[in-house]
Amino acid sequence: MESKREKDVDSPSTPPEHAPRYEFYDPSKESVWTRVGLSLESFKRAPGTTGGQVVAGGNNVSDLERVLADAPMLQQKMKPRHLQMIAVGGSIGTGLFVGTGSALRVGGPAGILIAWLIIGVMLINVTQAIGEMSILYPVSGGFYTWAVRFLDPSFAFAMGWNYVFQWAVVLPLEITVAGTTVQYWGQDIMHIAGWITIFWIVISFAEEEFWSSCLKLLVVIMFIFIGIVCICGGGPSGGEYDSYLGGRHWSDPGAFAHGFKGICSVFVTAAFSFAGTELVGLAATETPNPRKTMPAAVKGTFWRITLIYVTSLVIIGLLIPYTDGRLLGAGTTSGAAASPFVIALDNAHIKGLNHFVNITICISVLSIGLSCVYAGSRTLTALAETGYAPRVFTYVDKSSRPLWSVIAILLFGALAYVNVGADGGIVFDWLMALSGLSTLFTWLSICLCHIRFRRAWIVQGHSVEELPFQALGGVYGSWFGVILIILVLIAQFYIAIWPIGGTAGLSGGEIAQAFFKVYLALPVMILFYVIGYAWKRTLPQRAHEIDLDTGRKSWLTVEEMRQFRAERKSAPLYVRIYRMLFTN
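Being a predicted model, the structure only gives us computed values, none of them experimental.

Asker: What is the right way to look at the overall build of the protein in this model?
Answerer: A count of helices and strands for the protein gives 24 helices and zero strands. A buried classification covers 57% of the 584 residues belonging to the protein. Within the protein, contacts between residues separated by at least 24 positions form 82% of all contacts whose residues are at least 6 apart in sequence. With the model as given, the accessible surface of the protein reaches about 23,700 Å², and the carbon-plus-sulfur share is 65%.

Here is the structure:
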């Protein structure tokens, strides 16, 4: 039933007696060089939408051509494997490979495990909400556009610009980390400015993230197996893991580095390491059939959190004591040399693997750099489409690049050069403070959008059974996500006021500076909200006024969905188990 209905509505054809009312662009008629963006023709503006997204529910759509035309200018070029890797490997980068070292030093092995589990549970609810809404509304800008529609345009303006600046600032950070990663093999090879230039150029022209995500997954899985062997005492003779280690480091020096404060202080590090998972919400608009591909991407989040992050953190906490002086922030090392992955392999005296992991770290930070350009440019384009950014950023070329938005985000890469100067670190700290809590605000927005969407859906006479994908916890899961995010924000406020080590000996100015380096994103959000409200003077809509039709790509009725689910239940048990765990 599913394939037949989707096939019925998969083409923007119109009866011959009627002239087409919309101009659909067919990229397949262009040369291959134009499609991949390597010809002069590819830089020209795309003449119209491709109408390339599948519309489910042909019997319930009165004007199919309008529904097909009501689609983003971006082409639906993303394949299922690309979407899977965005969900599973897209956010594995600096946060996991390097940032966990700083978190271990501050929170201890139990502290980081608790913090990552809390953020992970929160994120599962967030991605479930993304799955439900993105399959129904694969619109340009994803969760930013949902916030405009379901919440408040002024809040969406604040969240959208904060999200753009988050990725715009993370881009030079990743470029800098890539430069310092290479210096693991010697600081006299090339000046850091030279490496920054090279990696900036590489990110500007690279487009393929699939293979880098595969490599990251391979390295993490390999590290997990090696870690288990080392913990059991199977490491090379002469290394630190040639005898049974077990949970020794949980008792000496201990499970918690700074108690409750230590746990609170690593929440943002955990959120930073998971940042990018929400990109599947942006990617849905460039997927031909989100109904088929999004459920697998959403459910992949659970497995990534469980098998990759949690398992890796447990092994790191067992292999390395939080008092190790090489961990990030301890003062003796920086960059990739401070990665707990590299430290553990150095301790084990496993020759060559530390270099392999270091190469992977270098590739992974470049991969996250690509995510920065992707997320920032798509959100900036959506801001322009809704009138909250200059119209020039709505430009999408024939190879499906939001050209001026991509260039704008790439220009922020030049900020990496501030690290060359003597005061560069100070400038960079403040830039990072601007986006420190942005990920949490974005996730909060997604959960609130889901709550408001469900309310409007019911108020306007729809049934939850019509939804092609239902969030695992329903609206209660989103409320749980909201509560967890608020608690994390409160914990961060607590750390900002009463930091680890106290404020003894600090002047009032230094105390204020330390606070805003942790919590600057909140006043920036408030400032953007005030600007957005003063500019457009918009207020949230009532549930019965919310537009539930624009951009909608699933029009199946309750009866059709019941029939579809009944057919799915008739499948063999092993197929149903596989669908429950990995697809829809």
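On we go.
Asker: Whenever I open this one, the packing of helix H8 (residues 192–205) against helix H16 (residues 353–385) confuses me. Can you help?
Answerer: A pair of packed helices is characterised by two quantities: the angle between their axes and the separation of those axes. Two numbers describe how H8 lies on H16: the axes approach to 9 Å, and their chain directions differ by 55°. The angle between the axes of H8 and H16 places the two elements in the oblique class. Judged by the sense of rotation from one axis to the other, the crossing of H8 with H16 is right-handed. Seen from H8, the contacting residues are Phe199, Val202 and Ile203; seen from H16, they are Cys362, Leu366, Gly369, Leu370 and Val373. Split into classes, the residues belonging to the contact of H8 with H16 amount to seven nonpolar, one polar and no charged.

Asker: I tried to follow the environment of Thr360 on my own but got confused; where do I start?
Answerer: Note that Thr360 resides in helix H16. Looking at Thr360, the relative accessible area reads 0%, which means it is buried. Taking the C-alpha atoms as reference points, Thr360 and Ser212, 148 residues apart in sequence, are found 8.2 Å from one another.

Asker: What is the right way to read the nonpolar core from this model?
Answerer: A general tendency of soluble globular proteins is for nonpolar side chains to be buried together. By size, the foremost hydrophobic cluster in this structure holds 155 residues, and its most contacted members are Leu319 and Trp443. The biggest single contributor to this core is helix H5 (residues 94–136), with 19 residues. Those residues in contact with Leu319 that sit more than four places away from it in its chain are Phe223, Gly227, Cys230, Ile231, Tyr241, Leu245, His249 and Ala344.

Asker: Explanation requested: the pattern of salt bridges in the structure shown.
Answerer: Opposite charge on two side chains makes pairing possible when the charged atoms of those side chains draw close. Enumeration according to the criterion identifies nine salt bridges in this entry. A salt bridge links Glu30 to Lys398, with the shortest nitrogen-to-oxygen separation between them at 3.4 Å. With a gap of 368 residues between them, Glu30 in the loop between helix H1 (2–8) and helix H2 (32–35) and Lys398 in the loop between H16 and helix H17 (403–411) connect regions that are remote in the sequence. Both residues of the pair, Glu30 and Lys398, belong to the buried class. A salt bridge links Glu286 to Arg378; the nearest nitrogen and oxygen atoms lie 3.0 Å apart. Here Arg378 lies in helix H16 and Glu286 lies in the loop between helix H13 (279–283) and helix H14 (290–319), a separation of 92 residues in the sequence. Look at Arg378 and you get buried, because its relative accessible area is 12%. Three or more residues are tied together by salt bridges with common partners; here these are Glu30, Glu41, Lys44 and Lys398.

Asker: Just checking my understanding: could you explain the packing of aromatic side chains for this structure?
Answerer: Geometry of an aromatic ring pair is reported as the spacing of the ring centres plus the angle between the planes. In total, this model carries 24 aromatic pairs according to the counting rule given. Their ring planes at 45° and their centres at 4.5 Å tell us that Phe274 and Tyr309 sit as a pair that is tilted. One end of the pair, Phe274, is in helix H12 (residues 267–274); the other, Tyr309, is in helix H14, with 35 residues separating them in the sequence. Taken as a pair, Phe274 and Tyr309 share a single burial class, namely buried. Judged by centre distance (5.8 Å) and plane angle (45°), the rings of Tyr494 and Trp498 are tilted.

Asker: What is the right way to read the state of the cysteines from this model?
Answerer: Cysteine pairs can be covalently joined through their sulfur atoms, and such a bond is termed a disulfide. Following the criterion strictly, the structure yields zero disulfides and no others. In this structure Cys230 is not part of a disulfide, and its nearest cysteine sulfur, from Cys232, lies 9.3 Å away. Free of any disulfide, Cys449 has its nearest neighbouring cysteine sulfur in Cys447, separated by 9.4 Å.

Asker: Mind showing me how you'd approach the confidence of the model for the protein here?
Answerer: It should be kept in mind that the predicted coordinates are not to be read in detail where pLDDT is low. Residues of the protein with pLDDT of at least 70 account for 90%, and the chain-wide mean is 82. Segment residues 1–5: pLDDT under 50, and twelve contacts once partners within four positions in sequence are set aside and those in other chains are kept. Taken as a whole, residues 7–17 scores under 50 in pLDDT and shows twelve contacts with residues more than four places along the chain or in a different chain.

Asker: Please explain H12 as it appears in this structure.
Answerer: An α-helix turns once per 3.6 residues; consequently, residues spaced three or four apart project the same way. Among all positions in H12, only Phe267, Ala270, Ala271, Ser273 and Phe274 are buried. Around the axis of H12, the buried residues are gathered within 160° of arc, so they sit on the same side. Contacts from the buried residues of H12 go to H5, helix H11 (259–265), H14, helix H19 (438–459) and helix H20 (474–497). Immediately downstream of H12, the backbone of Gly276 shows phi near 110°, a positive value.

Conventions we followed
- Residues numbered from 1 in each chain as written.
- Predicted model: local features only at pLDDT ≥ 70, side-chain atom pairs only at ≥ 80, totals over all residues.
- Heavy atoms only, no water.
- Helix = DSSP H or I, 4+ residues; strand = E, 2+ residues; numbered from the N terminus.
- Buried < 20%, exposed > 50% of the residue type's maximum accessible area, 1.4 Å probe, protein only.
- Contact = heavy atoms within 4.5 Å.
- Areas by Shrake-Rupley, 256 points an atom, 1.4 Å probe, with all protein chains shown as cover.
- Axes fitted to C-alpha atoms, helices over the stretch in contact; angles between N-to-C directions.
- Parallel < 35°, antiparallel > 145°, perpendicular 65-115°, else oblique.
- Left-handed = near helix turned anticlockwise from the far one by under 90°.
- Nonpolar A, V, L, I, M, F, W, Y, C, P; charged D, E, K, R; others polar.
- Core = buried A, V, L, I, M, F, W, Y, C linked by side-chain atoms within 4.5 Å.
- Salt bridge = Lys/Arg side-chain N within 4 Å of Asp/Glu carboxyl O.
- Phe/Tyr/Trp six-rings, centres within 6.5 Å; stacked < 30°, edge-to-face > 60°.
- Disulfide = S-S within 2.5 Å.
- pLDDT = per-residue confidence, 0-100.
- Arc of directions from axis to C-beta.

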